[in-house]
Amino acid sequence: MELVEAIKSRKSIRGYKSTPVSKAILAQILEIATNAPSSMNTQPWKFTVLGGKALDELKEALQKRFLEGAELHPDFGLSPPPSGVYRNRQVDLAKSLFQLLDIAKEDRGKRTEWTAKAFRFFDAPNVMIISMDEEISSYSYIFSLGAISQTIAVVAVDFGLGTCIEGNSILYPEVIRQITGIPESQKIVAGIAIGYPDWDFPANRLRSTREPLDTVATWLGM
Ligand SMILES: Cc1cc2nc3c(=O)[nH]c(=O)nc-3n(C[C@H](O)[C@H](O)[C@H](O)COP(=O)(O)O)c2cc1C
């Protein structure tokens, strides 16, 4: 697949077929993605790849914690909610998603069900947890993890796979540590759901909007 086509066709996938992705394919994706740039070539990423029973256990435990109403405490703290234009974009996304899923704003039951599914990594057959050593967990290195996350997502497209980078999935890091054995000395940065997209799942019809370039780009000297 052409690079530009892969970049353009990547989108967040929130419904998957149950078919597991083979370890060989997941390894190839990571192998290719590690060509991503990193600050001073530190390659500060670590991957924990889950499937099968291990992932079932993690999904169950995260969902349980959420449904109990446990306090959210990601390793890097909670980001403040977006305001202004950023809030508007968040609201637009939520409205579009809930419309496709036929979930009314006031339907708390269905909204809770949807969030529980997010804690189950949207029922993806595989998940990559991205973490980094605490000693290197500052700006340049976290940025590098962003670079490799997008690279993974784009490479996955080439294998006919979908992904969803999920901040939501790392809100209970102690649960992830307990099941994966990721030590306290590593900060958990993101979870990436990965699998073959279920194109019949309504949320997968979403094509999120983008601002016109003029509102985000400044041109100088040209
Ligand atoms: C850091 C980060 C965290 C995200 N967390 C979530 C999440 O918790 N749940 C979710 O459904 N999507 C999550 N997303 C996906 C975004 O909602 C999505 O990238 C955005 O709406 C643009 O849509 P697209 O990926 O389909 O192009 C996250 C994306 C990033 C980069």
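These notes cover the structure that comes with them. (Residues numbered from 1 in each chain as written. Predicted model: local features only at pLDDT ≥ 70, side-chain atom pairs only at ≥ 80, totals over all residues. Heavy atoms only, no water.)

1. Here's the deal with the site of the ligand
Inspection of the region around the ligand gives 13 residues, with Ser12, Arg14, Gly167, Asn168 and Arg210 positioned closest. Within the contact set of the ligand, an oxygen atom lies 2.9 Å away from a side-chain nitrogen or oxygen of Arg10. A distance of 2.7 Å separates an oxygen atom of the ligand from a polar side-chain atom of Arg14. In isolation the ligand exposes 620 Å². Once the protein is present, 64% of that is buried. Of the residues forming the shell around the ligand, the biggest block, 3 residues, is contributed by strand 3 (residues 162-166). Split into classes, the residues belonging to the shell around the ligand amount to 4 nonpolar, 4 polar and 5 charged. (Near = heavy atom within 4 Å. Polar contact = N/O pair within 3.5 Å; in protein donor to acceptor, adjacent residues only side chain to side chain. Areas by Shrake-Rupley, 256 points an atom, 1.4 Å probe, with all protein chains shown as cover. Helix = DSSP H or I, 4+ residues; strand = E, 2+ residues; numbered from the N terminus. Nonpolar A, V, L, I, M, F, W, Y, C, P; charged D, E, K, R; others polar.)

2. Points about the sheet that holds strand 1 (residues 46-50)
Taken in spatial order, the 4 strands line up as 1-2-4-3 in an open sheet, and their pairing is antiparallel. Here the strands that pair on one side only, and so sit at the sheet edges, are strand 1 and strand 3. The sheet shows a mean angle of 25° between the axes of neighbouring strands, taken without regard to direction. Bridging between strand 3 and strand 4 (residues 186-195) involves 5 bridges; their strand directions are antiparallel. Directly across from Cys164, in strand 4, lies its bridge partner Ala193. Strand contacts of helix 6 (residues 139-158): strand 1, strand 2 (126-133), strand 3 and strand 4, with the helix running at about 160° to strand 2, the strand carrying the most contacts. (Pairing = 2+ DSSP bridges. Axes fitted to C-alpha atoms, helices over the stretch in contact; angles between N-to-C directions. Contact = heavy atoms within 4.5 Å.)

3. Notes on the environment of Arg210
On the secondary structure map, Arg210 appears in the loop between strand 4 and helix 8 (213-216). Reaching out from Arg210, the side chain makes a polar contact with the side chain of Ser208 at a distance of 2.8 Å.

4. Some thoughts on the side chain of Lys11
Tracing the sequence through the fold places Lys11 in the loop between helix 1 (3-9) and helix 2 (23-33). Asp198 provides the closest opposite charge to the buried, unpaired Lys11, separated from it by 12 Å. Separated by 2.6 Å, the side chain of Lys11 and the backbone oxygen of Asn204 make a polar contact. Only 3.0 Å separates the side chain of Lys11 from the backbone oxygen of Leu206, close enough to count as a polar contact. In contact with Lys11, not counting residues within four places along its chain, are Thr163, Trp199, Asn204, Arg205, Leu206 and Arg207. (Buried < 20%, exposed > 50% of the residue type's maximum accessible area, 1.4 Å probe, protein only. Lys, Arg positive; Asp, Glu negative; His and termini not counted. Salt bridge = Lys/Arg side-chain N within 4 Å of Asp/Glu carboxyl O.)

5. Let's talk about the nonpolar core
Leu58, Leu62, Leu101, Trp114, Phe121, Ile129 and Ile176 are the most contacted members of the largest nonpolar core, which totals 32 residues. Among the elements of the structure, helix 3 (52-67), helix 4 (84-101), helix 5 (108-119), strand 2, helix 7 (173-180) and strand 4 are those that each provide at least two residues to this core. In terms of nonpolar packing, the next biggest core, distinct from the first, is built from 20 residues, Leu30, Trp45, Val155 and Ala156 among them. (Core = buried A, V, L, I, M, F, W, Y, C linked by side-chain atoms within 4.5 Å.)

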